[in-house]
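Okay, here's what each chain looks like letter by letter:
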Amino acid sequence: MSIVVMKFGGTSVEDPAAITRTAGIVAGRLALGKRPVVVVSALAKVTDQLLRAATAAASGDRTGALAISSRLRCRHRDTAMALVKDSAELVTLIDQKFDSLDEVLRGLAAILELTPRISDLVSSYGERISSRIVAAAFRERGMDAAHVDARDVIVTDSQFGRAIPQDSIIEKRAAENLRPLIDQGKVPVMGGFIASNEDGITTTLGRGGSDFTGALVGGALAASAIEIWTDVDGIMTCDPRVCPDALRVKVISFEEAAELAYFGAKVLHPATILPAVKKNIPVLVLNSKNPSCEGTRIISLAPHCKSPFKSIAVKKKLSIIDVVASRMLMTHGYLSEIFAIFDKHQCPVDMVSTSEVSVSLTVDSNDKLPLIAADLGKLADVKYEGKKALICLVGEDIRGQNGMAAQVFGAIRHINVRMISQGASEINMSFMIEEEDADEAVRSLHAAFFQNPDPLVFDVEAHKTQLVAPNS
Ligand code: ADP
Ligand code: ASP
Ligand code: MG
């Protein structure tokens, strides 16, 4: 039995037309004899708006918060009514969900405090409601779809905001809650992103986490493929919003895709790859607006590529922390003391650079920075600066290619580089610049390295069309 997990992102379920297209794509897989399990995000932008409502409520703006909720209620009701003829039951369900969301928002406005636990609860409504609408729309279109509450399947620890999945429990829950439906020929439809801890309290897998849900479900069911349906043709040579010449990468390794996702290629959540790697399940990134495009195939061993790089990722909103301690002169145990502080604040470090008297580290800009700096200040002099961006070039054996650094930094010679990391990984070269220079750096690097793309790995046909497009 060929189970395929199909994850549809926010733009693939943003309105009735998108949901109808999505239903067609799933029906197409059924027609091929596949057994789809569908994971859906919230309707596009809903999670942002829910979080905005929560923040507004907790800062005392009860009316503003309830106004956001009311607009969302209308959008979901309208979407449901456009998709389902006898929609009364579905609309009542949507109303019940929004009534309980409004209760939470009123509570927040009364207590004026937003904890990560409540933030997860509020943001969970997006996927809880979208999955109901999509399941009903599929049934309306003749598919035997069964809604499954993702919180009954995806079990995590209690790190609200970015909870860690418990693989063995998920496997058991998938066997109990999904497998029987698949065996009966039904199409399970569940929300991504949301989960629950072992006490049944709602958690989330972090922003963009629906991809991760798709991979976890795929891993738990030993699916034959995990399909990530989004709004671009696949993993591209860089973010197509930054550089319209971006090319589709036809095939990429798990390792390269993970590196790109971690270093900012939003098209895939960084944790997505791991469950797939564990069971060697191919991941495909596909475009729901262009379903006939073959997308990107992520597999354990990608073919050898003649081009030096596969793709360029950018991670913005980073900070550099400089720790300067002339007295300590890199004494034994010094670095471990510094890292212990980042560990205490559960703050991951992206890049590190050391000299005899100083250490520079880059982290996501976040509200813990003043506390981290205060703790580091007990050891040394500390400075931190925000608005930085990390550019990461990913390719095969970068470490082994002579002159690569000269070519990279030659291409961006007009841009000031603050930190460099090369050699830690065979497949990644990264450097830190001012955020305002990031888009220009990507365009310059893209122009320098993707002039003669290897046709085995990149969609060069689309490239040719792009080149003739201005005159056509
Ligand atoms: P979804 O809602 O389907 O999960 P996302 O918005 O999370 O979609 O991810 C898709 C977006 O990722 C694209 O619209 C694109 O702008 C962005 N993106 C960033 N880097 C890349 C890249 N290297 N390849 C493709 N898309 C990228
Ligand atoms: N809806 C969630 C978000 O916007 C999860 C996802 O779409 O992957 O972050
Ligand atoms: Mg996403």
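Reading the values: rules and limits
- Residue positions are counted from 1 within each chain, in the order its sequence is given.
- For this description, chains carry letters from A and ligands carry numbers from 1, given in the order in which they are written.
- Where local features are concerned, this predicted model is filtered to residues with pLDDT of at least 70; where side-chain atom pairs are given and counted, the filter is 80 or more; whole-chain, interface and lining totals use all residues.
- Computation of side-chain values covers all heavy atoms of the structure but excludes hydrogens and water.
- Elements are defined by DSSP. Helices are runs of H or I of four residues or more, strands are runs of E of two residues or more, and each kind is numbered from the N terminus.
- To estimate how far a helix should reach, multiply one less than its number of residues by 1.5 Å.
- To get the bend at a residue, fit one axis to the 7 residues ending there and another to the 7 starting there, then take the angle between the axes.
- The axes are straight lines fitted to the C-alpha atoms, using for helices just the contacting stretch, and the angles between their N-to-C directions are given from 0 to 180°.
- The labels follow the angle: roughly parallel below 35 degrees, roughly antiparallel above 145, roughly perpendicular from 65 to 115, and oblique for the rest.
- Contact definition: two residues touch when any of their heavy atoms are within 4.5 Å.
- For this classification, Asp, Glu, Lys and Arg are treated as charged, while Ala, Val, Leu, Ile, Met, Phe, Trp, Tyr, Cys and Pro are nonpolar and the rest, including Gly, are polar.
- Our working definition of a disulfide is a cysteine sulfur pair at a distance within 2.5 Å.
- Burial classification: accessible surface area is computed with a 1.4 Å probe over protein chains only, and a residue below 20% of its type maximum counts as buried, one above 50% as exposed, and the rest as partly exposed.
- Strand pairing is assigned whenever DSSP identifies at least 2 bridges connecting the two strands.
- A pair of aromatic rings is counted whenever rings of Phe, Tyr or Trp (Trp by its six-membered ring) have centres within 6.5 Å, and the orientation is called stacked for planes under 30 degrees apart, edge-to-face for over 60 and tilted otherwise.
- Each residue is tested against the molecule or strand, and it is near if at least one of its non-hydrogen atoms lies within 4 Å.
- Polar contact is defined as a pair of N or O atoms within 3.5 Å, subject to the rule that within protein one atom must be able to donate a hydrogen and the other to accept it, and that residues adjacent in sequence are counted only when both atoms are side-chain atoms.
- All accessible-area figures derive from a Shrake-Rupley calculation using a 1.4 Å probe, and residue coverage is judged against the displayed protein chains alone.

**Overview of helix H5 (residues 116-140)**
For H5, spanning 25 residues, the distance from its first C-alpha to its last is 37 Å, which sits close to the expected 36 Å at 1.5 Å a residue. Residue Ser 124 marks the point of greatest curvature in H5, where the axis turns by about 30 degrees. One or two steps after H5, the chain reaches Gly 142, where phi turns positive at roughly 90 degrees.

**A word on the packing of helix H3 (residues 62-83) against H5**
Where H3 contacts H5, the two axes come as close as 9 Å, and the packing angle between them is 10 degrees. Judged on the interaxial angle alone, H5 and H3 are roughly parallel. Judged by residue contacts, His 76, Thr 79, Ala 80 and Leu 83 of H3 engage Ile 129, Ile 133, Ala 137 and Glu 140 from H5. Taken together, the residues of the contact of H3 with H5 break down into 5 nonpolar, 2 polar and 1 charged.

**Here's the deal with the state of the cysteines**
This structure, assessed with the given rule, holds 0 disulfides. The closest cysteine sulfur to the non-disulfide-bonded Cys 238 is located on Cys 243, 4.2 Å from its own sulfur. For Cys 238, a relative accessible area of 3% corresponds to the buried category. Given a relative accessible area of 5%, Cys 243 falls into the buried group.

**Looking at the environment of Lys 383**
Take Lys 383: it is sitting in strand S15 (residues 381-394). Taking the relative accessible area as the measure of exposure, Lys 383 reaches 55% and is therefore exposed. For the pair formed by Lys 383 and Val 323, sequence separation is 60 residues and the distance between their alpha carbons is 6.8 Å. In this view, Lys 383 contacts Ile 320, Ile 321 and Asp 322; residues no more than four positions away in its chain are not counted.

**Considering the sheet that holds strand S8 (residues 225-230)**
Spatially, 8 strands are ordered S3-S5-S2-S1-S8-S10-S11-S9 in an open sheet, and the strand pairing comes out mixed. If you trace the sheet from one side to the other, it starts and ends with strand S3 (145-148) and strand S9 (251-253), each paired once. Here the strands of the sheet are splayed against their neighbours by 20 degrees on average, with no regard to which way each runs. Contacting strand S1 (3-8), strand S2 (35-40), strand S5 (187-191), S8 and strand S10 (283-287), helix H1 (residues 16-31) runs over the sheet at an angle of about 170 degrees to S1. Sheet contacts for H5: S2, S3 and S5; angle to S3, the most-contacted strand, approximately 170 degrees.

**Re the packing of aromatic side chains**
Under the criterion given, the structure shown has 5 aromatic pairs. A ring pair is formed by Tyr 262 and Phe 263, whose centres lie 5.0 Å apart and whose planes are at 90 degrees; its orientation type is edge-to-face. Overall, Tyr 262 belongs to the partly exposed group, its relative accessible area being 33%. Residue Phe 263 is classed as buried on the basis of its relative accessible area of 8%. On the numbers, 5.3 Å between centres and 65 degrees between planes, the contact of Phe 409 with Phe 431 is edge-to-face. Of this pair, Phe 409 sits in helix H13 (residues 404-411) while Phe 431 sits in strand S17 (residues 428-434), and the two are 22 residues apart along the sequence.

**As for the site of ligand 2**
In the vicinity of ligand 2, the residues found are Ser 41, Thr 47, Glu 127, Phe 193, Arg 207, Gly 208, Gly 209 and Ser 210. Thr 47 places a polar side-chain atom, nitrogen or oxygen, 2.7 Å from a nitrogen atom of ligand 2. Separating a nitrogen atom of ligand 2 from a side-chain N or O atom of Glu 127 is a distance of 2.6 Å. Of the residues belonging to the shell around ligand 2, the class tally is 1 nonpolar, 5 polar and 2 charged.

**Remarks on the site of ligand 1**
Near ligand 1 there are 18 residues, and of these Thr 230, Asp 231, Met 236, Asp 239 and Arg 241 occur at the shortest range. The separation between an oxygen atom of ligand 1 and a polar side-chain atom of Lys 7 is 3.1 Å. Between Arg 241 and ligand 1, the recorded distance is 2.8 Å, taken from a side-chain N or O atom to an oxygen atom. When ligand 1 sits alone it has 570 Å² of accessible area, and the protein chains cover 90% of it. Looking at side-chain class alone, the shell around ligand 1 contains 8 nonpolar, 5 polar and 5 charged residues.

Limitation: the analysis is restricted to geometry and does not speak to function.
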